[in-house]
Amino acid sequence: MYELICVGASWGGLDAVGRLLADLPIQVDQPVVVAQHRHSTSAPTGLADLLRLRVKRPVQDVEDKMPIERGHVYIAPPDYHLLVERGSFALSVDERVQYARPSIDVLFESASYAYGRGVIGIILTGANEDGAAGLAAVKRRGGVALVQDPHGAERRTMPDAAIAATAADAVLPLEEIGRFLYGLCLEREVS
Amino acid sequence: MAAKADEQAAERDDVDEIELGLLLEGVYRRYGFDFREYAPASLRRRVWRRAHAEGVSTISALQDRLLHDPACMERLLLDLSINVTAMFRDPTFYVAVREKVVPLLRTYPFTRIWVAGCSTGEEVYSLAILLLEEGVYERARIYATDINESVLDRARAGVFPLDKMREYTQNYIKAGGQRAFSEYYLAKYDGAQFQRSLVENVVFAQHNLVSDRSFNEFNVIVCRNVMIYFDRALQDRVHRLFYDSLAMFGVLALGAKESIRFSPFEDRYEDLDANERLYKKVS
Ligand SMILES: C[S@@+](CC[C@H](N)C(=O)[O-])C[C@H]1O[C@@H](n2cnc3c(N)ncnc32)[C@H](O)[C@@H]1O
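The residue numbering used here restarts from 1 in each chain and proceeds along that chain's sequence as written. Each chain gets a letter, beginning with A, and each ligand a number, beginning with 1, in the order they are written. Under the rules for a predicted model, residues below a pLDDT of 70 receive no local features and side-chain atom pairs below 80 are neither given nor counted, while totals for whole chains, interfaces and linings still include all residues. As a rule here, side-chain values come from all non-hydrogen atoms in the structure, and water together with hydrogens is ignored.

What follows deals with the overall build of chain A. When its secondary structure is counted, chain A shows 6 helices and 9 strands. Only C-alpha atoms enter the radius of gyration, while the globule expectation follows 2.2 Å times N to the 0.38, with N the number of residues. Expected size for 191 residues packed as a compact globule is a radius of gyration near 16 Å; at 15 Å, chain A falls within 12% of this value. Its C-alpha atoms put chain A at 45 × 35 × 30 Å along the principal axes. By residue count, 62% of the 191 residues in chain A fall in the buried class. The contact definition used throughout considers only heavy atoms, calling two residues in contact when any of these lie within 4.5 Å. Restricting to contacts in chain A with at least 6 residues of sequence separation, those with at least 24 account for 68%. Within the structure as shown, chain A displays about 7,300 Å² of accessible surface, and the carbon and sulfur contribution to it stands at 52%. None of His or the chain ends enter the tally, which takes Lys and Arg as positive and Asp and Glu as negative. Taken as the charge location is NZ of Lys, CZ of Arg, CG of Asp or CD of Glu. Charge separation in chain A, taken as the distance between the mean sites of 19 positive and 25 negative side-chain charges, equals 2 Å. Working definition: helices are DSSP H or I runs of at least four residues, strands are E runs of at least two. Numbering for both runs from the N terminus. Remark: exposure states derive from per-residue accessible area (1.4 Å probe, protein chains only) relative to the maximum for the residue type, with buried under 20%, exposed over 50%, and partly exposed in between. The Shrake-Rupley method, run with a 1.4 Å probe sphere, supplies the accessible areas, and residue values consider only the shown protein chains as cover.

Only a single heavy atom is needed: when it lies within 4 Å of a molecule or strand, its residue is near that molecule or strand. Close to the ligand lie 21 residues; Tyr38, Thr85, Arg89, Glu123 and Asp146 of chain B are nearest. At the site occupied by the ligand, the surrounding residues belong to chains A and B. Any pair of nitrogen or oxygen atoms within 3.5 Å is treated as a polar contact; in protein, a donor-acceptor pairing is required on top of that, and neighbouring residues in sequence qualify only through side-chain atoms on both sides. The contact in question runs from a nitrogen atom of the ligand to an N or O atom on the backbone of Gly117 of chain B, over 3.0 Å. Starting from 600 Å² of accessible surface for the ligand in isolation, the protein chains cover 97%. Amino acid classes used here: Ala, Val, Leu, Ile, Met, Phe, Trp, Tyr, Cys and Pro are nonpolar; Asp, Glu, Lys and Arg are charged; the rest, including Gly, are polar. Taken together, the residues of the shell around the ligand sort by class into 9 nonpolar, 8 polar and 4 charged.

Let's shift gears to the domain arrangement of chain B. Residues and elements named next belong to chain B. Here the bounds of each domain stem from an automatic or database domain assignment. We note that the domain assignment places domain 1 (2–80) and domain 2 (91–281) within chain B. Surface buried jointly by domain 1 and domain 2 totals about 640 Å² across both partners, of which 53% is contributed by carbon and sulfur atoms. Summed over both partners, the accessible area lost on bringing two parts together, with a 1.4 Å probe, is the buried area. Contact with domain 2 buries surface across domain 1, with Glu37, Tyr38 and Ala39 losing the most and accounting together for 77% of the total. The working definition used for a salt bridge is a side-chain nitrogen of Lys or Arg within 4 Å of a carboxyl oxygen of Asp or Glu. Taken together, the links from domain 1 to domain 2 amount to 1 salt bridge. A salt bridge links Glu37 to Arg237; the nearest nitrogen and oxygen atoms lie 2.9 Å apart. Counting the contacts that link domain 1 with domain 2 gives 3 residue pairs in polar contact (both at pLDDT 80 or more). Classifying every residue of the side of domain 1 that touches domain 2 gives 2 nonpolar, 1 polar and 2 charged.

Before going further, it helps to examine the interface of chain A and chain B. Contact with chain A, which involves 26 residues of that partner, is made by 33 residues of chain B. For the pair chain A and chain B, the summed buried surface comes to about 2,500 Å²; carbon and sulfur atoms form 51% of the total. Summed over the three residues of chain A that lose the most area to chain B, namely Glu63, Lys65 and Tyr113 of chain A, the buried surface amounts to 27% of that side. The shortest N-O distance in the salt bridge between Arg277 of chain B and Glu63 of chain A comes to 2.9 Å. At the boundary of chain A and chain B, one finds 17 residue pairs in polar contact (both at pLDDT 80 or more).

Our focus in this paragraph is helix H7 (residues 149–157) of chain B. All names here are of chain B. Every buried residue belonging to H7 is among Val151, Leu152 and Ala155, and all of these are buried. What you see down the axis of H7 is that its buried residues fit within an arc of 105 degrees, all on one side. Two residues or fewer past H7, Gly158 is found with a positive phi of approximately 65 degrees. Think of it as the arc spanned by the lines of direction from the helix axis to the C-beta atoms.

Going through the model one piece at a time under the given rule, you end up with 32 salt bridges over all chains. Two residues, Arg52 of chain A and Asp49 of chain A, come together in a salt bridge whose shortest N-O distance is 2.7 Å. A residue pair is termed a helical-turn pair when its members lie 3 or 4 positions apart in one helix, as Arg52 of chain A and Asp49 of chain A do in helix H2 (residues 46–54) at 3 residues. Arg52 of chain A sits in the partly exposed class, given a relative accessible area of 41%. Residue classification places Asp49 of chain A among the partly exposed residues on the basis of a relative accessible area of 39%. The salt bridge involving Glu134 of chain B is made with Arg98 of chain B; its shortest N-O contact spans 2.9 Å. Here the residue Glu134 of chain B occupies a position in the loop between helix H6 (122–133) and strand S2 (140–146), and Arg98 of chain B occupies one in helix H5 (residues 91–106), the gap between them amounting to 36 residues. The burial state of Glu134 of chain B is the same as that of Arg98 of chain B; both residues are buried. Through salt bridges that share partners, Asp94 and Glu95 of chain A together with Arg45, Arg46 and Arg49 of chain B make up one connected network.

Structure (structure tokens):
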């Protein structure tokens, strides 16, 4: 069924991604890939270290050609674009896309190409419009498009842009996304 | 309805994949440029970008234009050539080179260093500065290669954008630089002209990692952020090339997010500094 969960976040994302993953029921064992915008000079393992404190699953900074495994959380390394191939990751240092590297659009587009309707894309808080085109690509290929409710988001530009770009399957407060994913990934499997 | 749309999208993607394969084969047979084993996800983005810029809506249509119009091929080549680089990129890498590689170099009467995929040369000038400050430059020769002639010309010229000097100075300091960075260049109207003496012992030459062979035996090979553009099979072949080109106890330096771990040569190297991707050939 669903094979990959992609999360994109920018301003305010450090906390939002942590909360989302801390709430995510352990039965949801799809690999989770996170593209979070950071300053290129930020500590290279900063985000992964922070997440490890809150998340019970293995959290890794992606390396080139790393295989994608169930139950793991993968973080796009700062200053690289993260792309998904079937079964593994690829990195690139192509120029920034909409001022961002990693670019959420690049991650989501490549993921939707590799996994089609097996992708769940989630756009969280952020102060730019990265991710909107990527989420639309996920949706176009039959994947699921989820967006954090702009009202509760620390910055609403990014969720607003995502909602404008595609017909989201659900717009949810942060604290409900984990449970929603549980329903999506487990209940459908039973039926 | 929705399911039908998905199936159509999936079908389009399958066709797209066939078209991309055919285009790369065509480009290879018509022009000799071999991108057939480059990592597909990034390649596909680039090719589509060219298709959109040319105003065509399928990769096959782009292929048609490419095969009949060499100027279009030139434009695609520019799109496919990713030359992003910086001086003292990843400063901690240069610290590790100072602390762990330079002591090895001191034990040799002469060292040969290969910087593969050197792009416009920023990495080469950085390395030269480091070796100079450590007093081992005199006894070293750097072979700096790239597939792309035009970046090599810029590397030879050694003029880098002035507006980058702030960032590079920061990097240089973090990399353990021992002088004022501005000693190494002259600020001119068209950029920062780096000292010619830095490239006195550097040979710039074209070399294609896909098809060209080894051309010497080296004590150090630096290949950073180049192999990320290759697929696994090509990476493995390039790893063989590097392995064959390294002297025993020579050092292989990869990019910050590349690892020897996913290659068949893993067992032939020992970690010199696993964090900074420095590996020593031991068997
Ligand atoms: C992203 S740059 C990396 C520059 C530098 N090593 C660094 O890390 O800053 C990649 C370079 O690899 C070169 N390259 C790509 N394919 C190549 C090939 N088959 N053989 C040699 N060089 C290649 C490109 O021309 C480009 O200059």
